Amino acid sequence: MRFEIMGDISDVETFATGSGIREFARLQRIYDRGRWRKRKGIARVRLANGSVHTAELHWYEAAAIGRKEFKIKHLI
């Protein structure tokens, strides 16, 4: 699903780090080594059809690499 994040992400939490992430080896292979964390937060998103919703987002993040692979877990 394609979407655009509108504004800031709030209520950010880290819920997995390092080897606790199932995709850890793949993340290192694709994006490089780093201190990977799986995070979640709440943000307003605009979907491909133009509708705007509040959603819970999940993504992977590493300090020198940045935020990668955003996905919508559910619309609120």
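Our structure is the block above this text.
These figures come from a predicted structure and were not determined experimentally. (Residues numbered from 1 in each chain as written. Predicted model: local features only at pLDDT ≥ 70, side-chain atom pairs only at ≥ 80, totals over all residues. Heavy atoms only, no water.)

**Some points on the overall build of the protein**
The condition that has to hold: Only DSSP runs of H or I reaching four residues or more are called helices, and only runs of E reaching two or more are called strands; each is numbered from the N terminus. Note on contacts: a residue pair qualifies if any of its non-hydrogen atoms lie within 4.5 Å across the two residues. Using a 1.4 Å probe, accessible areas were evaluated by the Shrake-Rupley method; residue-level cover was limited to the displayed protein chains. When charges are counted, Lys and Arg contribute as positive and Asp and Glu as negative, whereas His and the chain ends are disregarded. Every charge is mapped onto a representative atom, which is NZ of Lys, CZ of Arg, CG of Asp or CD of Glu.
The helix and strand inventory of the protein stands at 1 helix and 4 strands. Ordered by position from N to C terminus, the α and β elements of the protein give β-α-β-β-β. The principal-axis extent of the C-alpha atoms belonging to the protein is close to 35 × 20 × 20 Å. The contacts in the protein between residues at least 6 apart in sequence include a share of 49% that link residues at least 24 apart. A total accessible area of about 5100 Å² is found for the protein, and carbon and sulfur atoms account for 45% of it. The distance from the centre of the 16 positive side-chain charges to the centre of the 9 negative ones in the protein is 4 Å.

**Let's talk about the nonpolar core**
One recurring pattern in soluble globular proteins is that nonpolar side chains are buried together. The test is simple: Throughout this description, the term nonpolar core refers to a set of buried Ala, Val, Leu, Ile, Met, Phe, Trp, Tyr and Cys residues connected via side-chain atoms within 4.5 Å. Three exposure classes are used, based on accessible area relative to the maximum for each residue type with a 1.4 Å probe and protein chains only: buried under 20%, partly exposed in between, and exposed over 50%.
Judged by nonpolar contacts, Ile9, Ala43, Val45, Leu47, Ala55, Leu57, Trp59 and Ile72 together constitute the single largest core of 8 residues. Core analysis: the next-biggest nonpolar cluster, separate from the first, contains 6 residues, Ala16, Ile21, Trp36 and Tyr60 among them.

**Remarks on the pattern of salt bridges**
Once the charged atoms of two side chains with opposite charge are near each other, the side chains can pair. To keep things clear, this is the line we draw: Counted as salt bridges are all cases of a side-chain nitrogen of Lys or Arg within 4 Å of a carboxyl oxygen of Asp or Glu.
For the coordinates displayed, the defined rule picks out 6 salt bridges. Ionic pairing is found between Glu4 and Arg46, a salt bridge with its closest N-O pair at 3.3 Å. With Glu4 in strand β1 (residues 3-17) and Arg46 in strand β2 (residues 37-47), this pair connects stretches of sequence that are 42 residues apart. For Arg37, the salt bridge is made with Glu61, and the minimal N-O distance between the two is 3.7 Å. Pair noted here: Arg37 is in strand β2 and Glu61 is in strand β3 (residues 52-62), with a separation of 24 residues, a long-range link. Relative accessible area serves as the criterion here: at 15%, Arg37 is assigned to the buried category.

**Describing the sheet that holds β1**
Stated precisely, the cut-off is as follows: Here, any two strands with at least 2 DSSP bridges between them count as paired. Axis lines are fitted to C-alpha atoms, over the contacting stretch for helices. Their N-to-C directions set the angle, which ranges from 0 to 180 degrees.
A sheet is described by the order of its strands in space; here 4 strands give the open sequence β1-β2-β3-β4, paired in antiparallel fashion. With partners counted over all chains shown, the strands left at the sheet margins are β1 and β4 (66-75), one partner each. Averaged over all pairs of adjacent strands, the angle between their axes in this sheet comes to 30 degrees, without regard to strand direction. Inspection of the sheet shows β3 paired to β4 by 7 bridges, in the antiparallel sense.

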